[in-house]
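# Coordinates in review
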Amino acid sequence: MNLGFYGAAKTVTGSNHMIEAAGKKILIDCGMFQGHDRQEEINFEAFPFNVSEIDAVILTHAHIDHSGRIPKLVKDGFSGPIACTKATADLCGIMLPDSGHIQETEAEWKSRKRSRAGKSAIEPLYTYDDAVASLEYLAPYRYDTMIELFEGITIRFRDAGHILGSAFVEVWVKEGEEETKIVFSGDIGNKNMPILKDPNFIADADYVVMESTYGNRLHKINENKVEKLLDTIKRTIRRGGNVIIPSFAVGRTQEIIYELHKYKDKYKEDLEFLSRVPVYVDSPLAISATEIFRQNLDCYDEEARMYVSNGDNPLDFPGLKFTRTADESRELNEKDEPMIIISASGMCEAGRIKHHLKHNLWRKNSTVLFVGYQAEGTLGRRIIEGAKKVKILGEDISVNAEIESIEGYSGHAGQDGLIEFIENFETKPKKIFIVHGEIEAQKTFSKLIKETFNIDTVIPERGDLYELTAGEVSFTTGQPELKKRFSRLELLSKLDVLQEELAYLSAHADKEFINEKTDQEVADLQKKFENLEKMMDSVKAVID
Ligand SMILES: [Zn+2]
């Protein structure tokens, strides 16, 4: 069996691996590169393999960084089955068309900008219609059943507890007399998350391809996250403001609805006045996703199922309202009564949340409550870091609202969860391929695996190819040009980030800031800037 790496190698996004076995070529995930502009360019390049030779795709879960290039794959000529769980197929049914819509809007926007500069228009990566057309290849299966994908290739999905429908994939390959088992972790979930079951465990494998997003980080344990959520809401409502919660449409939004449902139940008597506060879910994708959660009850954990069997929908409660149309959304900003608005996108970069921020950030009595990670360079990150003024939809908005953030909601296992995943193997794998992580996280995690389990690890690069048998692994050259291209794009990404950080510095380290500093602090800063200058000089020397 050959194992090739084409995405999420030494980076987090763009998951895309290939096994070549028993005469078949099978992709595991076909995700989009996201976040760094430069890496996003890869999405537009031709796939580094012959698409018409691919026999099947196995999809671990619906997140766009795992599924987002499926419409492109189909557009480019793929016509085999895309094996996944039922909930994953359901979620792809809304997330891929939504992604197609975003691709079209972005291409339109960029084309308009380019036409002003006298440049030609650009095509979207794929359209809404392309995405809809790709859905017919989804082949939904149940968890925990053996699926003979092709002769000699059997797979099984196990619950990964990461998002609804997410799976670890076990793959058994029989070539001649020899059987080799490889496991793809997809993304590994967290324990004790609302609604979802805890991650399952895998008993044995010869090889594992494993994510490492938090390979160097433990999550802060936040026992009081529900209390903090409730306190923030209470406080804000009492002073007559709105609570604005920017949230990912799929997953986090449903978790928050679930928590609110649970609490409304629990604190019914003493917080009666709160039951009159409407909670609006204002994101068409989030509304459709909530519907899909309601249709996949078998994915729920025991607690969530208990509500269902008592005839209570855990994703509904009196006061919960959904606003599907843009008009309904706009009307929210004209209402006087205090309310809670959950809206996407989670990092405030796009979508309806921008309108709600525009109408609430300047209000002293409102609160913006973050419940998810805010990546560098996003509007959410700037607000959380204490920006006094932000630009939204072309307008300068003062930040007067209370800004709160609750940690402890994460779809990804922390370092301890990743270690536990390996610990649970009764027969330990011979080798672990570490993917889906920033390089620092991967290095730390690789070292930890060696120290803890004495298992060999590999951190593959994009374009690497390995030959695996049940007994051993050998490295073949693969496609070194992909590697070269990737490291060059990575360097350009670093430059972009640096540029952003410098802009941030010069915006924040203004006269007022410097004047407030003590002499010692100023001296320290001066030293740091001198060092920075020296480093810049040495980089410039290379470029000149
Ligand atoms: Zn994911």
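Residues numbered from 1 in each chain as written. Predicted model: local features only at pLDDT ≥ 70, side-chain atom pairs only at ≥ 80, totals over all residues.

## Points about the overall build of the protein chain
Scanning the protein chain from terminus to terminus reveals 17 helices and 23 strands. Here the C-alpha atoms of the protein chain give a radius of gyration of 24 Å, agreeing with the 24 Å that 2.2 N^0.38 yields for 544 residues. Dimensions of the protein chain, computed from C-alpha atoms along their principal axes, come out at roughly 70 × 70 × 50 Å. Sequence-distant contacts, at least 24 apart, represent 72% of the contacts inside the protein chain between residues at least 6 apart. (Helix = DSSP H or I, 4+ residues; strand = E, 2+ residues; numbered from the N terminus. Rg over C-alpha atoms; globule rule 2.2 N^0.38 Å. Contact = placed C-beta atoms within 7 Å.)

## Description of the packing of helix H4 (residues 86-116) against helix H8 (residues 284-295)
Where H4 contacts H8, the two axes come as close as 9 Å, and the packing angle between them is 170°. The angle between H4 and H8 falls in the class roughly antiparallel. Two secondary-structure elements touch here, H4 through Asp 90, Leu 91, Ile 94 and Asp 98 and H8 through Leu 285, Ser 288, Ala 289, Ile 292 and Gln 295. A class-by-class count of the residues in the contact of H4 with H8 yields five nonpolar, two polar and two charged. (Axes fitted to C-alpha atoms, helices over the stretch in contact; angles between N-to-C directions. Parallel < 35°, antiparallel > 145°, perpendicular 65-115°, else oblique. Nonpolar A, V, L, I, M, F, W, Y, C, P; charged D, E, K, R; others polar.)

## Remarks on the sheet that holds strand E22 (residues 465-468)
Spatial strand order, E6-E5-E4-E3-E2-E1-E22-E23: eight strands in an open sheet with mixed pairing. For this open sheet the edge positions go to strand E6 (138-141) and strand E23 (473-476), each flanked by a neighbour on one side alone. Geometrically, the sheet is characterised by an average inter-axis angle of 25° between neighbouring strands, direction not taken into account. Here strand E1 (residues 2-7) runs beside E22; their pairing, made up of three bridges, is antiparallel. Considered in E22, the bridge of Asn 2 is made with Glu 467. Contacting strand E5 (82-85) and E6, H4 crosses the sheet at an angle of about 110° to E5. (Pairing = 2+ DSSP bridges.)

## Brief notes about helix H15 (residues 480-508)
With 29 residues, H15 extends 42 Å between its outermost C-alpha atoms, agreeing within 8% with the 42 Å of an ideal straight helix rising 1.5 Å per residue. If you check which residues of H15 are buried, you get Leu 482, Phe 486 and Leu 489. (Expected span 1.5 Å × (residues − 1). Buried ≥ 20, exposed ≤ 12 C-beta atoms within 10 Å, placed from the backbone.)

## So, the nonpolar core
Residues Ile 19, Ile 58, Ala 83, Leu 91, Val 169, Ile 245 and Ala 289 are the most contacted members of the largest nonpolar core, which totals 120 residues. When residues of this core are assigned to their parent elements, the largest contribution, seven residues, is made by H4. The two domains that each donate at least three residues to this core are domain 1 (2-218 + 411-478) and domain 2 (225-405). In this view, Ile 245 contacts Ile 256, Ile 340, Ile 341, Ile 342, Leu 369 and Val 371; residues no more than four positions away in its chain are not counted. (Core = buried A, V, L, I, M, F, W, Y, C linked by C-beta atoms within 7 Å. Domains from an automatic or database assignment.)

## A few points about the packing of helix H13 (residues 415-423) against helix H14 (residues 439-453)
At their nearest, the axes of H13 and H14 sit 11 Å apart, and the two run at 45° to each other. In terms of orientation, H13 and H14 fall into the oblique class. H13 and H14 meet at a crossing whose hand is right-handed. Contacts between H13 and H14 involve Gln 415, Leu 418, Ile 419 and Ile 422 on the former and, on the latter, Phe 445, Leu 448, Ile 449, Thr 452 and Phe 453. Taken together, the residues of the contact of H13 with H14 break down into seven nonpolar, two polar and no charged. (Left-handed = near helix turned anticlockwise from the far one by under 90°.)

## Notes on the sheet that holds strand E14 (residues 320-322)
Read from one edge to the other, the open sheet built from six strands follows the order E14-E13-E15-E12-E16-E19, with strand pairing classed as parallel. Because the sheet does not close on itself, it has two edges, and the strands there are E14 and strand E19 (402-405). Here the strands of the sheet are splayed against their neighbours by 20° on average, with no regard to which way each runs. Where strand E13 (residues 279-282) and E14 come together, three bridges link them in parallel fashion. Residue pairing in the sheet places Tyr 280 in a bridge with Lys 321 of E14.

## Details of the domain arrangement of the protein chain
In terms of domains, the protein chain is made up of domain 1 (2-218 + 411-478), domain 2 (225-405) and domain 3 (481-528). The C-alpha centroid of domain 3 is placed 33 Å from the C-alpha centroid of domain 1. Of the residues lining the interface, nine residues belong to domain 1; the matching set on domain 3 comes to seven residues. When grouped by side-chain class, the residues that make up the side of domain 1 that touches domain 3 number one nonpolar, three polar and five charged.

## Some thoughts on unusual backbone geometry
With omega at 5°, the peptide bond leading from Ala 344 into Ser 345 counts as cis. Within the secondary structure, Ser 345 is located in the loop between strand E15 (340-343) and helix H11 (353-360). Positive phi, normally seen in glycine, also occurs at Ala 8, with a value near 50°. The phi torsion at Asn 454 lies on the positive side, around 55°, for a residue other than glycine. With respect to the helices, strands and loops of the structure, Asn 454 is situated in the loop between H14 and strand E21 (456-458).

## Some details on the environment of Glu 490
You can see Glu 490 is positioned in helix H15. In this structure the C-alpha to C-alpha distance between Glu 490 and Thr 11, which are 479 residues apart in sequence, comes to 9.4 Å.

## As for H14
Taking 1.5 Å per residue as the helical rise, H14 with its 15 residues ought to reach 21 Å, and the 21 Å between its terminal C-alpha atoms agrees with that figure. Residues of H14 that are buried include every one of Ala 441, Gln 442, Phe 445, Ser 446 and Ile 449, and no others. Buried residues along H14 cover an arc of 130° about the axis, so they all sit on one side. Facing away from the buried surface of H14 by more than 90 degrees, the exposed residues are Glu 440 and Glu 451. Tucked into the core, H14 has its buried residues touching H13, strand E20 (431-435) and E21. Asn 454 sits one or two residues past H14 and shows a positive phi near 55°. (Arc of directions from axis to C-beta.)

## Brief notes about the environment of Leu 196
When you line up the elements, Leu 196 lands in the loop between strand E10 (178-184) and strand E11 (207-211). Residue class for Leu 196 comes out buried when judged on the 28 C-beta atoms lying within 10 Å of it. Counting along the chain gives 66 residues from Leu 196 to Lys 262, while the straight-line C-alpha distance between them is 15 Å. In this view, Leu 196 contacts Gly 161, Leu 164, Gly 189 and Asp 301; residues no more than four positions away in its chain are not counted.

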